[in-house]
Amino acid sequence: MLVFLVPLVSGCGSAENGDSKGAAGAGGNRADGGTTSGAGGGIAGSLPDLNVGSDAGASDTFATDAGVTNLKLSVTADQLALVAHGSPIDDSAHAQYEDGSTPENVIWSVDDTRVGSIDDSGVFEANGFTAGSVTITAQVGSQSASVTISVSVEITQVTDGIAPADQKKLVQGGTGGAKGVGPDANFRFLYPYDNTIFPRGLAAPVLQFGGSAASATYLKITSKGYSYAAFAAAGTPTRINLSDAAWRGLTESVGAATPVKVQASKLSAGVVTGPIEEQWTIAQGSLKGVIYYNTYRSTLAPNGAVMRIRPGEDAAVLEPGCTVCHAVSSHGNVMVAGVDWDTNPITSQSLDLAADGSVTLRKSTNIGLLFALGGLTPDGARAIVNGAPPDQPKPRGVGGPLASELVDTKTALPIAAPSFTSQVSYALTPNFSPDGTRLTFNNRDLSAGHTLSVMDYDGSASPPLFSNLRTVVTSAKVAAWPSFLADSAGIVFHEGDAFDTDKYQGGPLYADLRMVDSSTKQVNSLASLNGYTASGTFYLPYGAAEEEHLDYEPSVLPVPVGGYYWVLFTSRRTYGNTIAPGGTVPRGGDKWGKPQGTEVESPSPRKKIWLAPIDLDYSGELDPSHPAIYLPGQELESGNMRAFAALEPCRADGGSCESAAECCNGFCRETGRDANGPVLACVPPPKNSCSNEDETCATAADCCGSDDLCINKRCATPAPVLPPVH
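Here the residue numbers are simple positions, counted from 1 along each chain's written sequence. In keeping with the model being predicted, local features are shown solely for residues with a pLDDT of at least 70 and side-chain atom pairs are shown and tallied solely at 80 or more, while totals for entire chains, interfaces and linings include all residues. For side-chain calculations, the full set of non-hydrogen atoms in the structure is used, while hydrogens and water are omitted.

Student: Just to check I follow, could you spell out the nonpolar core for this structure?
Tutor: The tendency in soluble globular proteins is for nonpolar side chains to be buried side by side. Residues Leu207, Tyr228, Val492, Tyr565 and Trp566 are the most contacted members of the largest nonpolar core, which totals 82 residues. At six residues, strand β41 (residues 564-571) tops the list of elements feeding residues into this core. Ignoring anything within four residues of it in the chain, the contact list for leucine 207 reads Phe189, Tyr191, Pro192, Leu219, Thr238, Arg239, Ile240, Leu242, Val262 and Trp280. Here, nonpolar core refers to any group of buried Ala, Val, Leu, Ile, Met, Phe, Trp, Tyr and Cys residues whose side-chain atoms link them within 4.5 Å. Burial status follows relative accessibility: with a 1.4 Å probe on protein chains alone, a residue under 20% of its type maximum counts as buried, one over 50% as exposed, and anything between as partly exposed. Leu82, Ala93, Ala138 and Ile149 belong to the second largest nonpolar core, which has 22 residues in total. In this description a helix means any DSSP run of H or I spanning at least four residues, a strand means any run of E spanning at least two, and both kinds are numbered starting from the N terminus. Contact criterion: two residues are considered in contact whenever any of their non-hydrogen atoms come within 4.5 Å of each other.

Now the structure itself:
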């Protein structure tokens, strides 16, 4: 399970799919909605004697199992195509031998439980919100046969009593005016952005629009096999909310290469403007796990706190108080931070993060800078002290001087590493690669914040060995907060006016995110993530003067999800018509914060965490990044910053799982069934089995998919590269 840690430092600068069957198999769930399984799995291709055909939607399997029968087994369904309308719909499958007799003890299964499930009598129930093709398999002894049915979704929702005449107007659309779609030239998408890629597992986005007040809206979302239309009352500002069920159905229905067309119209004073249109893409994976961040001026924790969000849920307080200047290990088991605050942290601590979400003290020290912003090894056992040179520039809250060194997070004692300390005095914003073989940092020894360096690291050596110090970025600006992609080669970093996101007493500091290939030293501008189209046009809705160069402090998930690397970052950009000039959250037009005497300024509510995908195969791409999404669940009024991404502490064999990324052995497979469908658990490495997505690999040849990559010792399927259409 993935975990993101995101503190704001005001002082510191389901198994989604799988086999649904009446008896457990030995296989595991695939990212495409099916499973791989052993004997008893009941999945096409998983049994050595399975021979599936497709005549008229039914298929026959012939087996000569002595003592059972020599008769062919076939399966039919009452309907080969179902159309669901937002409520469950049934279809019945039937198994019989070629002589017309009915077999006994049939084990029924389906290959994609996202679409529906089947009971012991062969009745398939589509859930009503998810489209797709489903293969129903009957298993009788060693024989099996299958039939494939298609399920499409057509949903129309009418809320708030929108009159039929107004519905008709909205469907017909506007004429004349802006782009020929009505009189309101300011009616446009403010959020989400065009060509956004959404992962599964997050709450539905709130669609937000510019322009005058509306009395009603019409939303039409279409993709292959999926259609959703909704009429709703509106107001000022104009927004459209998707139901959770419809959003989940959409994200689970749409394939990686299938575009989603989104159209919106509004009715104002009896006149329609629209449709206006965007295109989205759905990444084939869920952002599971926990997201931690630090907040100030939150309604939930006015004095600051470490907050927790589970994807799809709202924020809750994890650790109240001034715990700041944090970092987290990529395994998600250790966090370090400064605690309490004066000019710098007064004390610093290391904390153990348990799989159940609890936090316990690992070590406390009165050296406030020792753990603050430390660079943790993946297992959290060691940290590079964030060096504090005696002069500027450096991150706010890191006073000094304090030299960088390798320390034990359980004892707070230094670990002798002369190969590091003989070469580096001040490593600012240090970060280890997810595989633990490299360290990157702002090398304050070489310049006043303009240099990113990389070293190789061997933690198994005695003493720990640092070698091959090299410069990968030299910038005219400050290059800081480097974070490795999961491949431990690409590095995303912040390039800006300073290490921080604003001045100490309030005022602007600008930055953008960049990426460097540490092997070739080629720097990519990540134009789309930062708000630019392929032609160089700034596309964020309030324009360059309001939103340009406001992206800071990145970190990256240590494993790919759904065919992409995912970058978490702080941004002061607008959030639709919610946190923006004239938005509904107070001070939405104040992107820099308000000074309060000699105290640290009250953070701007514009300071929030955003998330953006980067293509797995980024080498040679002009821009491998994509538009960002607002991380849902954050408190709207607070200022949040500095995302950290990590895995949740792993689970031993037998522990429940939704993804192999949660398992210490790296395999999550089906081990049984209950009333809700397949039961998945962490298991030992299966014998004679390829590795599914997220499961452990040594090379790409270990992975089940022919196009799969082995990234950070886990299988990952690249998403297709789709060019923008608008």
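Student: Help me out: how do you make sense of the packing of aromatic side chains in this one?
Tutor: Aromatic ring pairs are described here by two measures, namely the spacing of the ring centres and the angle between the planes. Between rings of Phe, Tyr and Trp, where Trp is taken as its six-membered ring, a pair exists when centres lie within 6.5 Å; planes separated by under 30 degrees are stacked, by over 60 edge-to-face, and by other angles tilted. What the rule picks out here adds up to 21 aromatic pairs. With a centroid separation of 4.8 Å and 45° between ring planes, the pair formed by tyrosine 457 and phenylalanine 466 is classed as tilted. Since its relative accessible area comes to 9%, tyrosine 457 is described here as buried. Here tyrosine 564 and tryptophan 566 contribute two aromatic rings whose centre-to-centre distance is 6.0 Å and whose plane-to-plane angle is 70°, an arrangement assigned as edge-to-face. One aromatic cluster in this structure is built from Tyr191, Tyr193, Tyr539, Tyr575, Trp610 and Tyr630. Definition used: whenever NZ (Lys) or CZ (Arg) falls within 6 Å of the ring centre and also within 35 degrees of the ring normal, the charge is taken to sit over that ring. Positioned above the aromatic ring of tryptophan 610, the side-chain terminus of arginine 573 is 5.1 Å from the ring centre.

Student: In this structure, what is going on with helix α2 (residues 244-253)? I would like to understand it.
Tutor: For an α-helix, 3.6 residues make a turn, and residues three or four places apart therefore share a direction. Burial runs high along α2: seven of the 10 residues are buried. For α2, the complete set of buried residues consists of Ala246, Trp247, Gly249, Leu250, Thr251, Glu252 and Ser253. Among the structural elements, β15 (196-200), β17 (216-223), β18 (226-233), β20 (260-268) and β21 (271-286) are those in contact with the buried residues of α2.

Student: Before we go on, may I ask you to explain the side chain of aspartate 517 in this structure?
Tutor: Note that aspartate 517 resides in strand β38 (residues 511-517). A polar contact is formed between the side chain of aspartate 517 and the backbone nitrogen of serine 519, at a distance of 2.9 Å. Residues within four places of aspartate 517 in sequence aside, it is in contact with Ala489, Gln522 and Tyr618. We define a polar contact as two N or O atoms separated by no more than 3.5 Å, with the added condition that, inside protein, one atom must be a possible hydrogen donor and the other a possible acceptor, whereas residues neighbouring each other in sequence contribute only through side-chain atom pairs.

Student: How do you make sense of the confidence of the model for the protein chain when you look at a structure like this?
Tutor: The predicted coordinates should not be examined in detail at positions where pLDDT is low. On a range of 0 to 100, pLDDT expresses the predictor's confidence in each residue. The pLDDT averaged across the protein chain works out to 87; a share of 87% of its residues lies at or above 70. Considering only residues more than four positions removed or in separate chains, one finds that residues 1-67, a stretch of pLDDT under 50, has 262 contacts.

Student: Help me understand the pattern of salt bridges, please; the structure alone is not making it clear to me.
Tutor: Two side chains that carry opposite charge are able to pair once their charged atoms sit near each other. For this analysis, a salt bridge means a side-chain nitrogen from Lys or Arg found within 4 Å of a carboxyl oxygen belonging to Asp or Glu. On inspection of all chains with the given rule, the structure shows 19 salt bridges. The partner of aspartate 391 in a salt bridge is arginine 444, with the nearest N and O atoms 3.1 Å apart. Taken together, the positions of aspartate 391 in the loop between β30 (382-384) and β31 (406-408) and arginine 444 in the loop between β33 (438-443) and β34 (451-458) put the pair 53 residues apart, joining distant regions of the chain. The partly exposed category is assigned to aspartate 391, whose relative accessible area is 42%. Judged by relative accessible area, which is 10%, arginine 444 ranks as buried. As a salt-bridge pair, aspartate 512 and arginine 514 come within 3.7 Å of each other at their nearest N and O atoms. Taken individually, aspartate 512 and arginine 514 each receive the classification buried, so the pair is uniform in this respect. Taken together, the salt bridges that share partners define one network made up of Arg396, Asp500, Asp502 and Arg572.

Student: Explain the environment of methionine 641 to me, please; I cannot follow it from the model alone.
Tutor: In this structure, methionine 641 sits in strand β46 (residues 639-641). When the C-alpha atoms of methionine 641 and tyrosine 293 are compared, they prove to be 7.2 Å apart, with 348 residues separating the residues in sequence.

Student: What am I meant to see in the sheet that holds strand β35 (residues 465-474) here?
Tutor: Sheet strands associate in pairs through backbone hydrogen bonding, adopting either a parallel or an antiparallel arrangement. Reading across the sheet, the four strands line up as β32-β33-β34-β35 and stay open at both edges, with antiparallel pairing between neighbours. Only two strands of the sheet have a single partner each, and these edge strands are β32 (427-432) and β35. Sheet twist, expressed as the mean angle between neighbouring strand axes with direction ignored, is 25°. Two strands pair if DSSP finds at least two bridges between them. Here an angle of 0 to 180 degrees is reported between the N-to-C directions of two axes, which are lines fitted to C-alpha atoms, with helices fitted over the stretch in contact.

Student: Any chance you could explain the state of the cysteines here in plain terms?
Tutor: In protein structure, a disulfide is the covalent linkage between the sulfur atoms of two cysteines. A pair of sulfur atoms, both from cysteines and within 2.5 Å, is called a disulfide here. Applying the stated criterion to the full structure yields six disulfides. A sulfur-sulfur distance of 2.0 Å marks the disulfide that ties cysteine 697 to cysteine 710. Because the torsion about its S-S bond is 100°, the bridge between cysteine 697 and cysteine 710 counts as right-handed. Taken together, the residues cysteine 697 in the loop between β49 (677-682) and β50 (709-711) and cysteine 710 in strand β50 connect sequence positions 13 residues apart. Since its relative accessible area comes to 5%, cysteine 697 is described here as buried. Taking the relative accessible area as the measure of exposure, cysteine 710 reaches 25% and is therefore partly exposed.

Student: Explanation requested: the sheet that holds strand β29 (residues 375-376) in the structure shown.
Tutor: Taken in spatial order, the three strands make up an open sheet running β29-β30-β31, and their pairing is antiparallel. The open sheet has two free edges, formed respectively by β29 and β31, since each of these has just one partner strand. Two elements, β29 and β30, share two bridges in a ladder whose sense is antiparallel. In the strand pairing of β30, glycine 375 is matched with isoleucine 384.

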